[in-house]
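Residue strings, one per chain:
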Amino acid sequence: MNSLLNINDLHKIYDSGTHALRGINLDVKEGEFLILLGLSGSGKSTLLRCINRLIEPTSGEIIFQKRNIVKTSGKALRTIRRQIGMIFQQFNLIKNLSALTNVLTGKLGYVNLVHSLGMTKIKEDVITAEKNLDRVGLLEFKSQKTRNLSGGQQQRVAIARALMQNPRLILADEPVASLDPATADSVMKYLGELNKNDNITVICSLHFLSLARKYGTRVVALKDGQIVFDGSPREIDERKFKDIYGEEAEEVEIR
Amino acid sequence: MKKDEINIKSALQGLVIDLLFWSYLWGCLYYLAHNWLGLILNYKYLIMLAMFSSGLFYLTGDSIGRKYFFPSHLTSRKWFKTLWGWLIIFSLLITFVVGWDIVEINPYKFFTKFKNAGGITSGIFDPSIIGYELQTESLEKLAEQNLPEEIIEELKKISGRKYTTRKVFSRELEKRLDPAAYDKYKQPILKSAIKNTEMLNKALTTLAETIFLALLATVLAIPLAFILSFFAARNLMPKTFLGNTIYVLIRTVATIFRSIEAIVWAIIFSVWVGIGPFAGMLALMIHSVAALTKLYSEQIENIDSGPVEAVRATGASTLQIWIFAVIPQIISPYLAFTIYRWDINVRMATIVGFVGGGGIGLLLLQQQQLLRWHNVGLIIWLIAAVVWSMDMISAKVRAKLSEM
């Protein structure tokens with residue numbers, strides 16, 4: 001399998017002095033569904049945000065399709081960003097806009113300002129957006145303001161927005177942490193589907209080992225900004241789990 | 001208890017505080033002694049007195065300055081068992097007494113001089129909606145009705161004079177005619193008088209001027225404040241030297257302009273462009289720009305950063321991020337603030353009129369100086385009605401907006 005993303009010796013030191021990432025080396029293959037495990041504060045979010053430069057890495061390199069993301073800026077950076085969709089724990093939709101408009105914002109990286117202003121009126125854009133909303137089963141909610149949607153529905157709109165980008169890679173930062181177990185599984189199912197059917201690589205941080213085993217093809221665990229485990233989900237036994245989450249931790253099952 | 005660092009700077013600051021405190025105390029005492037007892041003292045001695053007592057107290061445990069900078073000097077004694085506690089109480093008391101004297105507070109006047117307000121009170125209860133006036137044709141009409149010659153002669157004297165209300169007119173008649181004649185001919189005279197709504201028309205015209213003045217001041221302030229607010233929002237400005245400079249500059253200028261009251265701006269502009277509504281509009285506009293820039297930018301600083309992050313992650317440009325992630329979040333609070341500002345501006349427009357800003361404020365000033373209390377009454381009612389309805393409408397609209 002081809003390598004899609006290659007991270008070499010990545011460091012991030014925040015202004016506050018926190019050393020959040022301490023030399024991450026990671027090679028993500030095309031088509032992988034990579035699960036990031038680790039305690040809160042272990043550096044998962046920082047790592048994900050460094051990949052699309054929402055956070056500026058302190059040092060190291062991130063190679064995506066033969067280009068070093070760390071070194072790009074301006075238009076070139078935006079061209080890379082538009083190929084990388086992102087899903088957030090808090091969904092991060094614009095709450096007083098309709099679901100359809102939110103999905104359309106996924107197209108912003110591809111169009112100029114004038115085009116983007118008229119986007120809700122441009123037929124082919126609207127058709128693509130509707131198609132993507134339909135894929136997550138929310139076409140009937142297209143003109144609803146997203147604040148009126150449930151958590152699970154909002155996260156599915158966010159997935160449709162990411163799909164609008166036509167991404168090669170989706171970064172998901174604890175996408176199910178604010179959802180109930182049943183909804184969490186349905187959201188993960190959509191991500192799994194995209195991974196299998198559209199061959200979109202997914203890097204997803206999670207807290208539930210059961211979901212990691214069900215959807216992940218590979219698990220990487222972080223602890224204090226370093227990778228402490230990298231392997232198949234089946235390899236994580238109780239010993240490894242305690243290594244990652246500490247001796248006190250008990251595995252919680254969610255089905 | 002934390003051990004204090006002994007340093008010269010704190011010690012000096014403590015001494016300065018003591019000196020200021022004692023200067024103030026002696027100053028207040030001298031003010032009272034001078035005003036009530038006629039005592040005259042050279043300021044030299046006052047300063048020496050203050051220096052002497054502050055120096056003395058600085059050395060004791062009752063120094064206020066030392067307590068402020070060296071908290072460990074605070075003893076566990078209750079304040080009312082210490083000299084410095086009583087000193088502070090004494091200084092507060094003397095401040096109140098001196099203040100009472102300076103402001104010339106006089107409750108006696110408040111209760112006994114109420115009759116001075118008779119003119120304005122009767123004006124409020126009898127606003128001049130319809131004015132009365134006798135003209136040649138009314139006198140002719142009265143002559144036809146066979147009114148006695150001497151009454152017509154008497155009425156001729158007041159022909160052409162304008163009376164603001166029916167009551168004022170009848171009072172004038174009562175004064176000029178003997179009681180029997182007044183009772184007998186009051187009705188036909190009143191009927192023959194020419195009635196006008198001149199004052200009402202004028203008040204309504206200037207009121208419209210005021211409302212439009214406030215509206216234009218607000219409307220013209222919106223685009224300026226809107227653009228400025230983006231540059232005055234910490235979370236949108238890049239953390240570079242340039243970004244910081246722009247932010248600080250806009251914030252500072254806005255704060256200065258806002259701290260200058262609209263009434264002061266009106267004085268400046270009434271000299272600049274001449275007395276009239278244009279000056280008033282400029283005054284309100286400049287004040288509104290400053291106020292709205294602050295409110296708007298604070299709103300931007302309070303937005304949810306999540307959507308901004310999400311839209312940035314799609315590869316959107318900065319301008320696209322502003323349009324799609326920032327503006328939708330601020331649009332309804334912006335509208336609410338703007339309507340509220342209009343509401344404030346309508347109220348301010350009246351005041352601004354007083355100092356040359358045109359509109360109903362100017363009319364009010366003129367009528368007040370002419371002692372036409374019934375016209376003043378009418379104007380007050382009209383202003384109250386407009387302010388009240390603006391207040392209600394803006395509250396309703398803002399409540400609706402907050403649901404959005």
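All of the points below concern the structure found in this document. Every value quoted in this text rests on a predicted model; they were computed, and no experiment measured them. (Residues numbered from 1 in each chain as written. Chains lettered and ligands numbered in written order. Predicted model: local features only at pLDDT ≥ 70, side-chain atom pairs only at ≥ 80, totals over all residues. Heavy atoms only, no water.)

**Describing the packing of aromatic side chains**
(1) Moving on: Under the definition given, this model contains 16 aromatic pairs over all chains.
(2) Moving on: Seen from their ring centres, Phe-241 of chain A and Tyr-245 of chain A are 5.0 Å apart, and the 40° between their planes marks the pair as tilted. Remark: Tyr-245 of chain A and Phe-241 of chain A occur in helix H9 (residues 238–245); sequence separation between them is four residues, near one turn of the helix.
(3) Moving on: The exposure class assigned to Phe-241 of chain A is buried, which follows from its relative accessible area of 8%.
(4) Moving on: Judged by its relative accessible area of 13%, Tyr-245 of chain A is buried.
(5) Moving on: Seen in terms of ring centroids, Tyr-132 of chain B and Phe-169 of chain B are 5.7 Å apart; in terms of plane orientation they differ by 20°. Their pairing is stacked. (Phe/Tyr/Trp six-rings, centres within 6.5 Å; stacked < 30°, edge-to-face > 60°. Helix = DSSP H or I, 4+ residues; strand = E, 2+ residues; numbered from the N terminus. Buried < 20%, exposed > 50% of the residue type's maximum accessible area, 1.4 Å probe, protein only.)

**Concerning the layout of surface pockets**
Residue and element names in this part refer to chain B.
(1) Moving on: There is about 780 Å³ of room inside the largest pocket.
(2) Moving on: Lining the largest pocket are 22 residues, and of these Asn-235, Leu-236, Val-308, Arg-312 and Ile-321 sit closest to its centre.
(3) Moving on: Grouping the constituent residues of the lining of the largest pocket by class yields ten nonpolar, five polar and seven charged.
(4) Moving on: If you add up the space inside the second largest pocket, you get close to 340 Å³.
(5) Moving on: Around the second largest pocket sit 16 residues that line it, and Lys-162, Thr-164, Met-199, Arg-372 and Asn-375 are the ones nearest its centre.
(6) Moving on: Breaking the lining of the second largest pocket down by element, the ones donating at least two residues are strand E2 (162–163), helix H11 (198–231) and helix H18 (373–403).
(7) Moving on: Its residues assigned to classes, the lining of the second largest pocket comprises five nonpolar, seven polar and four charged.
(8) Moving on: Of the domains in this structure, domain 2 (131–196) and domain 3 (199–403) are the two that each give at least three residues to the lining of the second largest pocket. (1 Å grid on protein atoms, 1.4 Å probe; cavity = no way out; pocket = protein on both sides within 12 Å on 5 of 7 lines; lining within 4 Å. Points joined across faces, edges and corners; volume = space filled by probe spheres on them. Nonpolar A, V, L, I, M, F, W, Y, C, P; charged D, E, K, R; others polar. Domains from an automatic or database assignment.)

**Section: the nonpolar core**
(1) Moving on: Leu-133 and Met-188 of chain A together with Val-326 of chain B are the most contacted members of the largest nonpolar core, which has 105 residues in total.
(2) Moving on: No other element matches the twelve residues that helix H16 (residues 318–357) of chain B contributes to this core.
(3) Moving on: Once residues lying within four places of it in the same chain are set aside, the contact partners of Leu-133 of chain A are Ala-99, Leu-100, Val-103, Leu-138, Leu-139, Lys-142, Val-157 and Ala-160 of chain A. (Core = buried A, V, L, I, M, F, W, Y, C linked by side-chain atoms within 4.5 Å. Contact = heavy atoms within 4.5 Å.)

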